[in-house]
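# Residue-level structure breakdown
Each chain, letter by letter, is given below.
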Amino acid sequence: MTGIQAPERIALSLPIKPGKVERCEFEYVRHGTQTLIAHFDVVTGMVGGSIVNTRTEPDFVSFLDCLLRTGAPAMRWRIIRDNLDGTVKSTDG
């Protein structure tokens, strides 16, 4: 997943009144972003991942290294990744 924003609205929402809907402030302050790199095991249904402050190649390599160490040495992996530009790559390993 690409960067996840951590916004905070600059004002509280106005409470609901009879005949009116709840009103939310549209302006917000950003508190930076976090990057979620996740995996899904289709056999077990387990989801795992890591949250990091950057979205770099070393972050992804570290994630893959940790993931691949969880399986048996002879295990075959099928990794499908999103290239952040809409291109999806598939790798057999």
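What you see is a predicted model; the values in this text were computed from it and never measured.

### Side note on the overall build of the protein chain
- Looking only at helices and strands, the protein chain features one helix and five strands.
- Helices and strands appear in the protein chain in the N-to-C order β-β-β-α-β-β.
- Across the 93 residues in the protein chain, those meeting the buried criterion constitute 8%.
- Carbon and sulfur atoms form 58% of the exposed surface of the protein chain, whose accessible area is close to 7,900 Å².

### A word on a nonpolar patch on the surface
- A cluster of nonpolar residues, Phe40, Val42, Val43 and Val47, forms a patch on the protein surface that exposes about 470 Å² of accessible area.
- You can see Val43 is positioned in the loop between β2 (28-40) and β3 (47-52).
- Among the residues examined, Val43 registers a relative accessible area of 74% and is labelled exposed.

### Brief notes about the confidence of the model for the protein chain
- The pLDDT averaged across the protein chain works out to 80; a share of 83% of its residues lies at or above 70.
- Here strand β5 (residues 88-92) stands out as the element of the protein chain with the lowest mean pLDDT, 59, in contrast to helix α1 (residues 57-68), whose mean of 90 is the highest.

### Brief notes about the packing of aromatic side chains
- On inspection of all chains with the given rule, the structure shows one aromatic pair.
- Pairing Phe60 with Phe63 gives two aromatic rings, centres 6.5 Å apart and planes at 25°, and the pair type is stacked. Here Phe63 and Phe60 lie together in helix α1, a separation of three residues that amounts to about one turn.
- For Phe60, a relative accessible area of 29% gives the class partly exposed.

### Some points on the pattern of salt bridges
- Applying the stated criterion across every chain yields a total of one salt bridge.
- One salt bridge connects Arg69 with Asp65, and the closest N-O pair in it is separated by 3.0 Å.
- The exposure class assigned to Asp65 is partly exposed, which follows from its relative accessible area of 41%.

### Some thoughts on α1
- Relative to the 16 Å expected for 12 residues at 1.5 Å per residue, α1 spans 16 Å between its end C-alpha atoms, a close match to the ideal helical length.
- When α1 is considered as a whole, its buried residues turn out to be Asp59, Phe63, Leu64 and Leu67. Buried residues of α1, viewed axially, fall in a sector of 130°; they line one side. Seen from the buried face of α1, the exposed residues on the opposite side, beyond 90 degrees, are Glu57 and Pro58.
- On its buried side, α1 packs onto β2, β3 and β4 (78-82).

### Some points on the side chain of Asp59
- Mapped onto the fold, Asp59 is located in helix α1.
- Polar contacts involving the side chain of Asp59 include one to the side chain of Thr56, which spans 2.9 Å.
- Sequence-distant contacts of Asp59, that is, excluding residues within four places in its chain, are made with Ile37, Val52 and Thr54.

Cut-offs used in this document
Residues numbered from 1 in each chain as written. Predicted model: local features only at pLDDT ≥ 70, side-chain atom pairs only at ≥ 80, totals over all residues. Heavy atoms only, no water. Helix = DSSP H or I, 4+ residues; strand = E, 2+ residues; numbered from the N terminus. Buried < 20%, exposed > 50% of the residue type's maximum accessible area, 1.4 Å probe, protein only. Areas by Shrake-Rupley, 256 points an atom, 1.4 Å probe, with all protein chains shown as cover. Patch = residues over 30% accessible without salt bridge, like charges linked within 9 Å, V, L, I, M, F, W, Y side chains within 5 Å. Salt bridge = Lys/Arg side-chain N within 4 Å of Asp/Glu carboxyl O. pLDDT = per-residue confidence, 0-100. Phe/Tyr/Trp six-rings, centres within 6.5 Å; stacked < 30°, edge-to-face > 60°. Expected span 1.5 Å × (residues − 1). Arc of directions from axis to C-beta. Contact = heavy atoms within 4.5 Å. Polar contact = N/O pair within 3.5 Å; in protein donor to acceptor, adjacent residues only side chain to side chain.

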